[in-house]
Amino acid sequence: MTDHTPPGIIAPHIPADAWRRAEATGQPVVIVVHDTPTTGTWRRCLIPFAIAGAVVAGGWGLVAALCVLLDFAAHTATVIAGAAGPIGIGGITLKLARTKG
């Protein structure tokens, strides 16, 4: 069970019989305060690393997709240039792709 008390309150409740017994006998009342959080500290560290790992994996995926698209565009341009043949403008002829020969 989680205790949601505002900061600064050490013990929200001391049982009445323990308080009366301590008052009657003069015994001290011992209040135990847990300094460490009860939730796992691994969880607090793991979530940022998981988010960072997902960002890195997504970045590498984006780079790989961009490389594939650029490779496909280069091959497409090469095929189109090879099929078009030489292009001439006003007596200057430009051959866009070399033949394999």
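Everything in this summary refers to the structure shown in the same document. If you're wondering where the values come from, they're calculated on a predicted model, not measured in any experiment. Residue positions within a chain follow its written sequence, with the count starting from 1. Totals for whole chains, interfaces and linings use all residues, but because this is a predicted model, local features are given only for residues with pLDDT of at least 70 and pairs of side-chain atoms are given and counted only at 80 or more. Side-chain measures here rest on the full set of heavy atoms in the structure, leaving out hydrogens and waters.

The next subject is the overall build of the protein. Secondary structure assignment for the protein yields two helices and two strands. For the protein, the sequential pattern of α-helices and β-strands runs α-α-β-β. Using a 1.4 Å probe on the protein chains alone, a residue whose accessible area is under 20% of its type maximum counts as buried, one over 50% counts as exposed, and one in between counts as partly exposed. Out of the 101 residues in the protein, the part that is buried amounts to 3%. Residue exposure ignores everything except the shown protein chains as possible cover, and the areas themselves are Shrake-Rupley values with a 1.4 Å probe. Just so you have it, the protein exposes about 9,500 Å², and 68% of that area is on carbon and sulfur atoms. In DSSP terms, a helix is any run of H or I states spanning at least four residues, a strand is any run of E spanning at least two, and both are numbered starting from the N terminus.

What follows covers helix α1 (residues 16–25). Little of α1 is tucked away: one of the ten residues are buried. Downstream of α1 by one or two residues, Gly26 has phi in the positive range, about 85 degrees.

We now examine a nonpolar patch on the surface. Each patch groups residues whose relative accessible area exceeds 30% and which form no salt bridge, using 9 Å between like charges and 5 Å between nonpolar side chains of Val, Leu, Ile, Met, Phe, Trp and Tyr. Salt bridge, as used here, is a side-chain nitrogen of Lys or Arg placed within 4 Å of a carboxyl oxygen of Asp or Glu. A cluster of nonpolar side chains, namely Trp19, Val29 and Ile31, defines an oily patch on the protein surface of about 260 Å² accessible area. Examined against the element boundaries, Val29 turns out to sit in the loop between α1 and α2 (41–84). The exposure class assigned to Val29 is partly exposed, which follows from its relative accessible area of 36%.

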